[in-house]
Amino acid sequence: MLLSGEEGTGKSFMAMALSAAIATGGKLFKDWKVRQRKAGVLYIADNEMTDDIIRERMTVFNKLYKGCQERLRIRAVKNLNLLNGGMEYIEKLLQKESLSGRVAEVLVLDHLLKLSGAEGDQKEHWPKIREWIEQLNERGLTVILLHHEYAGSRMLGTRLIAADSPARIHLA
C-alpha cells in the first residue's frame, strides 16, 4: 500500500495511527475497523523522526489504542539506504523480531526518499525496491510505503511507484 502526499500532510501521523490500530485490532476512524485480530507491526522511520517525536506520538496512541506498544515496534534509523545494505538490515530486524516471538505481519517504511538515499523513486532504482517488497508480500508480510510524491508543484521521482501500488491513499 502506498500512502503519499506532500510534506506536512500528516502521512507519518496517519501511518502511525494505522499501525497502532492494526497492532490492537482496533478502529482507525470511527467505523473503519482495520482488522479482526491483532497483528505485529514493524515501523521503520527515517532520521526526521526523532526519539522525542516517537515518544510523544506513542503516548497519544497508547491512550487511544490500549496495548499497542506490545505489537508495534518503531525503529528510527539514521542514514539507512535500502539500495545500499538497507534491505538486508531490515531483513535482519524482521528475523530478530521473529526469533523473539514478536512476528511482524506489517512493515511500514517511512519514507521512500529518505530510506533510499533520495534515489529509490528514480525509475532505474524503483524496480529493485519493488521486487524486494513483492518478495516480502510473498512471505505474507504487508508493506505500507510512505512517499513524498510532490514538493510544491514539482514531482518527486517516478510515477511508477503510484502505478505499481495495489492500493493508494493520497493526502492533500
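Everything below is about the structure shown above.
My aim in this report is to walk through the structure given alongside it, one point at a time. (Residues numbered from 1 in each chain as written. Predicted model: local features only at pLDDT ≥ 70, side-chain atom pairs only at ≥ 80, totals over all residues. Heavy atoms only, no water.)

Right, let's get into a nonpolar patch on the surface. On the surface, Phe13, Val60 and Leu64 cluster together into a nonpolar patch covering about 280 Å² of accessible area. Taking relative accessible area as the criterion, Val60 reaches 36% and is therefore assigned partly exposed. (Patch = residues over 30% accessible without salt bridge, like charges linked within 9 Å, V, L, I, M, F, W, Y side chains within 5 Å. Areas by Shrake-Rupley, 256 points an atom, 1.4 Å probe, with all protein chains shown as cover. Salt bridge = Lys/Arg side-chain N within 4 Å of Asp/Glu carboxyl O. Buried < 20%, exposed > 50% of the residue type's maximum accessible area, 1.4 Å probe, protein only.)

Pairing within the open sheet is parallel, and its 6 strands lie in the order S5-S4-S6-S7-S1-S10. The open sheet has two edge strands with one neighbour each: strand S5 (72-76) and strand S10 (168-171). Strand-to-strand, the axes of this sheet are offset by a mean angle of 15°, without reference to chain direction. Packed onto the sheet, helix H3 (residues 82-99) meets strand S4 (40-45), S5 and strand S6 (104-110) and runs at close to 150° relative to S4. (Pairing = 2+ DSSP bridges. Helix = DSSP H or I, 4+ residues; strand = E, 2+ residues; numbered from the N terminus. Axes fitted to C-alpha atoms, helices over the stretch in contact; angles between N-to-C directions. Contact = heavy atoms within 4.5 Å.)

Overall, the coordinates contain 7 salt bridges when judged by the stated rule. A single network of salt bridges, built from pairs that share partners, joins Arg73, Arg75, Glu97 and Arg102.

Structurally, the position occupied by Gly40 is in strand S4. Judged by its relative accessible area of 6%, Gly40 is buried. Along the primary structure Gly40 and Lys128 are separated by 88 residues, whereas in three dimensions their C-alpha atoms are 25 Å apart. Beyond its immediate sequence surroundings of up to four residues, Gly40 is in contact with Arg71, Arg73, Val103, Ala104, Glu105 and Val106.

Turning next to the pairing of strand S1 (residues 2-5). Side-chain alternation along S1 places Leu2 and Ser4 on one buried face and Leu3 and Gly5 on a second face that is also buried. Of the strand pairs in this sheet, S1 and strand S7 (residues 142-148) are connected by 4 bridges, and their pairing is parallel. Within S7, the residue paired with Leu3 across the bridge is Leu146. Bridge analysis of S1 against S10 gives 4 bridges, and the strand direction is parallel. Counterpart to Leu2 in the pairing with S10 is Arg168.

Our focus in this paragraph is unusual backbone geometry. Note the cis peptide between Asp110 and His111, where omega equals 0°. With respect to the element layout, His111 can be found in the loop between S6 and helix H4 (112-115). Phi at Asn79 takes a positive value of approximately 60°, unusual for a residue other than glycine. If you trace the backbone, Asn79 turns up in the loop between S5 and H3. Under the relative-accessibility criterion, Asn79 is labelled exposed at 72%.

Moving on, we come to helix H2 (residues 51-64). Taking 1.5 Å of rise per residue, the 14 residues of H2 would be expected to cover 20 Å, and the 20 Å separating its terminal C-alpha atoms lies within 8% of that figure. Taken together, the buried positions of H2 are Ile54, Met58 and Phe61. Angularly, the buried residues of H2 cover 65° about the axis, an arc narrow enough to put them on a single face. Opposite the buried face of H2, by more than 90 degrees, sit the exposed residues Asp52, Arg55, Glu56 and Lys63. In this fold, the buried residues of H2 make contact with helix H1 (11-24) and S5. (Expected span 1.5 Å × (residues − 1). Arc of directions from axis to C-beta.)

The final tally for this structure, using the stated rule, is 2 aromatic pairs. Note on Phe61 and Tyr65: the rings are 6.4 Å apart at their centroids and 50° apart in plane angle, and the pair reads as tilted. Across the pair, Tyr65 and Phe61 agree in class, each one buried. Taken together through their ring pairs, the aromatic side chains of Phe13, Phe61 and Tyr65 make up a single cluster. (Phe/Tyr/Trp six-rings, centres within 6.5 Å; stacked < 30°, edge-to-face > 60°.)

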